[in-house]
Amino acid sequence: MTNYTMAVLFAVLLMWIVAWNLRSVKVRQTLLLFASYFFYSTWGIGFLLLLVASSLLNFAVGSLLRRRLSISYLWLGVVLNVLLLGFFKYLPPILEVGGTGSWQYDLARYIIMPVGMSFWTFQGLSYLFDLYLEEEVDPSLVEFCLYMAFWPTVVSGPVCRLPNMLPQFRQEPVLSSTNISAGALRLIQGLFMKMYLASLLGSGLTPGEGVVAGFDQVKSGWGGIDVWLLGIGFGFLLFCDFAGYSHMVIGTARIFGIRVPENFDRPFLSTTPSVFWTRWHMSLSFWIRDYVFRPLAATRRDRWWSYVALVISMTLFGLWHGAKGTFIVFGVYHGLLLVMHRLGQRTKQRFPVRLPRYLAVFLAWGATFLLVSLGYILFRANDLSEALSMFRSVFSPSAYQHFAMPRNFYMLILVFAIGYFIVTAGHSVLLSWAARYRKAMSERTEPAEGLWAMNFTRLTLIIGALVDFFAVRLWWWLAPALSILAVFVGVAIYAQKGVITVTPFIYTLF
Amino acid sequence: MGRAVSLGGNFVIRGGRIRLLLALIGISLGLWIVFAKLVVPAVITSAYRGESWSFLNRLITGQATVPLSDYLQDWNRVTIAGLLSGLGFWIVVLVISSPAVIQRVPAVYKGVALLTLNALILLLCFEVASLGAVKIWSVVPKAQQLVGEGSPRETVSYYAGQDWAAQFWHEFRLTRKQRYYPYVGWRRAPFNGTTINIDQRGIRLTPGADCRPNSYKVFAFGGSTMWGTGSPNWGTIAAYLQAGLEKLRHGPVCVVNFGETAYVSTQGVILLLMQLQSGNVPNLVLFFDGASDIYAAYQSGRAGTPQNLAQLAARFETSSSPTFLERLRSSYSYSLIENLVVKPIIAKPRQQNEPPAPELGAYEITHTIDVPTLSDSIVQDYFGNYKIVTALAQRYGFNYFFFLQPIVSLGGKSLTSEEEEMRQRLEMGHAINKLLTSVYQRAELESSKHYRNFYSMTHVFDGYNPLVWIDEFHVTPVGNQLLAQKMLEVVVVDGYDGREVIRRNQ
């Protein structure tokens, strides 16, 4: 982080704190908008002008829609947004097909997509769709511009919806300790996921042993195990990177009392592809569900059409990431997975298979996890031929005797994956024990002896009590622990004359 | 107008407080910017010229070596740091000036005390846990694993077919440990491996070197290419020279590889002086330099310096670490956090003595390089060394040659796709590439006039099509063999009477 970036962040925070102390809603919103624009302008004044132009355009079309609900106005808004996004996002890769030296290629190099454009364009579109669907939204120009440019989310989402944000922009600001605590915790969690876990997975235990090298530096071909672990590893890398980012954004907004939509909800515990898409990049997948899939599926009543609509929606989801063959195939792949899942459900209803419940859940989870992980190969591969080559290794038995990656890579991915599930499961179990302890305490009518007679063991009671004790006094131990960690890390960096390397968030590329 | 808010009997004007603070923020930051941008630069300029008050003039003493722009640049950093501190200060003031916070001062004090106590308890617990982890880790048997530095050159296709490559890069990483060496700064620590051997003097083994008193002694000086980055002991230039000379001469031959990573030609000359001083007079001296001299100048913005000058200077100029930091660093907690947390997330700047890398630590990042002037200075310094060695050669009776090392972006070799990538990578660093080209052109032009024993190796790989380069400056053992062959062609040794006949290769 440069001094300049730090200065900008400080200034934005300062403006936000000042805004939170202002009583006038309009002045506060204006100052928040100014802070957001100031933040966004650090990527370039030109980008800011585009954001402002897009906001004005959507607001103007929205005004037309508010006056008269006409499909032609909606289409006008959709076409204008898609044209703007298409020009910056999809035209350059098409022009680059001309090859180096051609005028198209040179032209493409001059077209630079503003950061976060895919996110705020979709926010603008959702406003128009909501108006058309007769949602009660009546933002002022400043409120709408603030919604489009809201600085925590403007770079990479989550994709917000105006009906959710507008009341929060208007409410009396409250700096509560609950919000600050919850927000700070999310912020720390995000920092840890991005700066440590994602870095570790990306670069490996030593440079060249991570997931990035696995995709970019292997020249002798991948073995079957390599591809599976690269898929799993990249899934976790993307999760730590993007969910880490989302935690930071949600946490920052939460500190100031604003609740931004969630983006992830333990996606790797999903037991079906459908469930996975309600837990992974939720703000976008719900956007696609609400504004693409449902209207599309509603146009015909045939069952086969709903499957087609699924594939089209997921293809659009893939295409949203960029005009690259791998993203499109990624979308089609997930569309087909969803279709197969639905067909599987129908088949199961007709030919029920009786399995013990835990085994059935485990098999469903395992299949979903592996199929989703395989999909990440399509997402991350540098091009389609690389993806094809990797898929070939997966389906070729002889490839399972070949290992292209260093041993540390296999160890890292396996330990990480197992560790993730242990931590996630352990967390849930501990929380449930703590909840049971609290319930027992609240229902207690007799002296403590009565507690032991209740329906759980002494050990879980003690652990639950401990978890509850530390959860209630979270900052009393977390703040000192983080301070100690920060001091040690700072000293180590100083002693080694090193710098923290943070790769850009993956989703800022989209 | 401010709104009156009742707080425990006190009336605080909420809006008034904000307005007052905003005014103070605006005024203080404005004053700081005016002071920092208009007043101080003028004072620095006049003090640099010695035209200010005497106490200010005394603050600036480095006019001979440090340009004015450096001082102004430093002040710019202070300006930004001041601005950041000011903003941070006002954020804190805004928060703590809230009446609610003021009322809670006693509670805050208790909280801070409790947090401090908890921190100490946690630190103790963590230290005990770390001690346990370190002890357990130390008794766990570890599989021997060959790990290199992870640099792209380790994966160059040439190494895919070499069974020694993994072992070599593993040992190469281990030989990064340096020791202080008088007058020249550093040399590698002694090392005994299967592909790399370094003796107690920090000199890399030349296989077959027979250094008995009456042997024919050749001193080879240079940077990492002469040392043999990318090659096992048998594949260094010195090793091929040894083999070639053994064929050409009767009697024992002793080629000593004085090459060391990041050495500039002046360090080679100093090493030569030290050998002569101790009575170790060679028969033939070979200097193989170029890239290091240029890169050192590129880093520091001036010629005649070793590489990583700023880091070397810092070791002298900064005071020793505070005891508190040393204690922290000696704790088990530090050791654990360093290995588990810090190593994966930090990138160390290229360490002293590592080979040149145009993308790091360059002077051009903060300054504009005057390529013609700087390249003139580099060439003058280089030939200054040449003249010193000429004088020493006459006095001590040895022969000598200066070879200008090849680099991937120059010469007429037909590059493989991997080499083409290396060339492009080098050319992406525009300033270093311009400087390299300019120095090489000037050196070749200059040498044709006055310097008989200078030979440019720029075209040594012309006509050889397979891959030779492993990065922008280093080559495979095959490349070293070609370099040694060319050197031997330039220096032809008459093995019958022990007298060297030197033929200028045209």
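Cut-off values and rules
- Residues numbered from 1 in each chain as written.
- Chains lettered and ligands numbered in written order.
- Predicted model: local features only at pLDDT ≥ 70, side-chain atom pairs only at ≥ 80, totals over all residues.
- Helix = DSSP H or I, 4+ residues; strand = E, 2+ residues; numbered from the N terminus.
- Buried ≥ 20, exposed ≤ 12 C-beta atoms within 10 Å, placed from the backbone.
- Contact = placed C-beta atoms within 7 Å.
- Axes fitted to C-alpha atoms, helices over the stretch in contact; angles between N-to-C directions.
- Parallel < 35°, antiparallel > 145°, perpendicular 65-115°, else oblique.
- Left-handed = near helix turned anticlockwise from the far one by under 90°.
- Nonpolar A, V, L, I, M, F, W, Y, C, P; charged D, E, K, R; others polar.
- Pairing = 2+ DSSP bridges.
- pLDDT = per-residue confidence, 0-100.
- Expected span 1.5 Å × (residues − 1).
- Core = buried A, V, L, I, M, F, W, Y, C linked by C-beta atoms within 7 Å.

**Observations regarding the overall build of chain A**
No. 1: A count of helical and extended segments in chain A gives 21 helices and 1 strand.
No. 2: Per-residue burial for chain A yields a buried fraction of 35% across its 510 residues.
No. 3: If you take every contact in chain A between residues at least 6 apart in sequence, the share linking residues at least 24 apart comes to 72%.

**Observations regarding the overall build of chain B**
No. 1: Counting secondary structure elements, chain B contains 18 helices and 14 strands.
No. 2: Sorting the 506 residues of chain B into buried and exposed places 33% on the buried side.
No. 3: Within chain B, contacts between residues at least 6 apart in sequence are counted, and of these 72% link residues at least 24 apart.

**As for the packing of helix α9 (residues 237–248) of chain B against helix α18 (residues 477–490) of chain B**
Residue and element names in this part refer to chain B.
No. 1: One way to put it is that α9 packs onto α18 with a least axis distance of 8 Å and a crossing angle of 50°. As the angle between them shows, α9 and α18 are arranged oblique. Seen along the crossing, α9 lies across α18 with a hand that is right-handed. For the pair α9 and α18, the contacting residues are Ile-237, Tyr-240, Leu-241 and Gly-244 in the first and Asn-480, Gln-481, Leu-483, Ala-484, Gln-485, Met-487 and Leu-488 in the second.
No. 2: By residue class, the composition of the contact of α9 with α18 is 7 nonpolar, 4 polar and no charged.

**Section: the interface of chain B and chain A**
Interface extent is often summarised as the accessible area lost during association of the parts.
No. 1: Opposite the 38 residues of chain B that make contact, chain A presents 42 residues.
No. 2: For the side of chain B that touches chain A, the secondary structure elements donating two or more residues are α1 (14–48), α3 (68–96), α5 (105–139), α13 (323–329), α14 (332–345) and β10 (346–347) of chain B.
No. 3: Here the side of chain B that touches chain A is built from residues that sort into 27 nonpolar, 7 polar and 4 charged.

**As for the pairing of strand β4 (residues 185–188) of chain B**
All names here are of chain B.
No. 1: With 4 bridges connecting them, strand β3 (residues 178–181) and β4 associate as antiparallel partners. The partner of Tyr-181 across the bridge, within β4, is Gly-185.
No. 2: Between β3 and β4, which follow one another and run antiparallel, lie 3 residues, and Tyr-183 among them has a positive phi close to 70°.

**Topic: the sheet that holds strand β12 (residues 454–456) of chain B**
Residue and element names in this part refer to chain B.
No. 1: Taking strand neighbours across the sheet as the criterion, the 5 strands line up as β8-β7-β9-β11-β12 in an open arrangement whose pairing is parallel. With partners counted over all chains shown, the strands left at the sheet margins are β8 (253–257) and β12, one partner each. The mean inter-strand angle of the sheet, taken between neighbouring strand axes irrespective of direction, is 20°.
No. 2: In this fold α9 packs onto β7 (216–222), β8 and β9 (284–289), with an angle of close to 170° to the strand it touches most, β8.

**As for the confidence of the model for chain B**
Residue and element names in this part refer to chain B.
No. 1: Overall, the predicted model of chain B reaches an average pLDDT of 83, with 86% of residues at or above 70.
No. 2: Predicted confidence for residues 1–14 stays below pLDDT 50, and this span has 19 contacts to residues more than four positions away or in other chains.
No. 3: As a predicted assembly, this complex carries a pTM of 0.68 together with an ipTM value of 0.74.

**Topic: helix α16 (residues 417–428) of chain B**
No. 1: Taking 1.5 Å of rise per residue, the 12 residues of α16(B) would be expected to cover 16 Å, and the 16 Å separating its terminal C-alpha atoms lies within 8% of that figure.
No. 2: Among the structural elements, α17 (430–450) of chain B are those in contact with the buried residues of α16(B).

**Here's the deal with helix α11 (residues 291–300) of chain B**
Residues and elements named next belong to chain B.
No. 1: Counting buried residues along α11, 10 of its 10 residues qualify, which places the element largely inside the surrounding structure.
No. 2: Within α11, the full set of buried residues consists of Ala-291, Ser-292, Asp-293, Ile-294, Tyr-295, Ala-296, Ala-297, Tyr-298, Gln-299 and Ser-300.
No. 3: Within two residues after α11, Gly-301 carries a phi angle of roughly 85°, on the positive side.

**A word on the environment of B:Gln267**
Residue and element names in this part refer to chain B.
No. 1: Within the fold, Gln-267 resides in helix α10 (residues 265–277).
No. 2: Judged by local crowding, Gln-267 falls into the buried class, with 28 C-beta atoms found within 10 Å.
No. 3: Separated by 82 residues in sequence, Gln-267 and Gly-185 have C-alpha atoms that sit 8.7 Å apart.
No. 4: With sequence-adjacent residues up to four places away left out, Gln-267 is seen in contact with Val-184 and Pro-306.

**Remarks on the environment of A:Leu56**
Residue and element names in this part refer to chain A.
No. 1: The residue Leu-56 is located in helix α3 (residues 45–67) in this model.
No. 2: On the basis of neighbour count, Leu-56 is assigned to the partly exposed category, with 14 C-beta atoms found within 10 Å.
No. 3: Between the C-alpha atoms of Leu-56 and Phe-144, which are 88 residues apart in sequence, the distance is 8.7 Å.

**A closer look at the packing of α10(B) against helix α15 (residues 371–396) of chain B**
Residues and elements named next belong to chain B.
No. 1: With their axes 10 Å apart at the nearest point, α10 and α15 run at an angle of 15° to one another. It follows that α10 is roughly parallel to α15 by the angle criterion. Handedness of the α10/α15 crossing: left-handed. Between α10 and α15, the contacting residues are Ser-265, Thr-266, Val-269, Leu-272 and Leu-276 on the first element and Tyr-382, Asn-385, Ile-388, Val-389, Leu-392 and Tyr-396 on the second.
No. 2: The residue makeup of the contact of α10 with α15, split by class, is 8 nonpolar, 3 polar and no charged.

**Here we look at the environment of A:Ala465**
No. 1: Here A:Ala465 shows up in helix α20 (residues 458–472).
No. 2: Considered as a pair, A:Ala465 and A:Ala435 are 30 residues apart in the sequence and their alpha carbons are 9.2 Å apart.

**Things to note about unusual backbone geometry**
No. 1: With an omega dihedral of 5°, the bond running from A:Gly157 to A:Pro158 counts as a cis peptide bond.
No. 2: Checked against the element boundaries, A:Pro158 lands in the loop between α7 (141–149) and α8 (162–170).
No. 3: Phi at B:Ala262 takes a positive value of approximately 70°, unusual for a residue other than glycine.
No. 4: For B:Ala262, the location among the structural elements is in the loop between β8 and α10.
No. 5: The phi dihedral of B:Asn308 is positive, around 55°, even though this residue is not glycine.
No. 6: Looking at where B:Asn308 falls in the secondary structure, it is placed in the loop between α11 and α12 (309–317).
No. 7: B:Asn308 gets classed as buried once you count the C-beta atoms within 10 Å, which come to 23.

**Here's the deal with the nonpolar core**
No. 1: Core analysis: the largest hydrophobic core is formed by 91 residues, its most contacted members being A:Ala149 and A:Cys240.
No. 2: The contact partners of A:Ala149, leaving out residues within four places of it in the chain, are A:Leu33, A:Ser36, A:Tyr37, A:Tyr40, A:Leu51, A:Ser55 and A:Val154.
No. 3: Counting 84 residues, the second-largest nonpolar core is a separate cluster that includes B:Val156, B:Ala209, B:Ala262 and B:Leu374.

**Re the pairing of β7(B)**
Side-chain positions along a regular strand alternate between the two faces of the sheet.
Residue and element names in this part refer to chain B.
No. 1: β7 sits mainly inside the fold: 7 of its 7 residues count as buried.
No. 2: With burial as the criterion, each face of β7 is covered, one bearing Tyr-216, Val-218, Ala-220 and Gly-222 and the other bearing Lys-217, Phe-219 and Phe-221.
No. 3: Where β7 and β8 come together, 5 bridges link them in parallel fashion. Looking at β8, one finds that Ala-220 is bridged to Asn-257.
No. 4: Pairing analysis gives 5 bridges linking β7 to β9, with the strands arranged parallel. By the bridge assignment, Val-218 is partnered in β9 with Leu-284.

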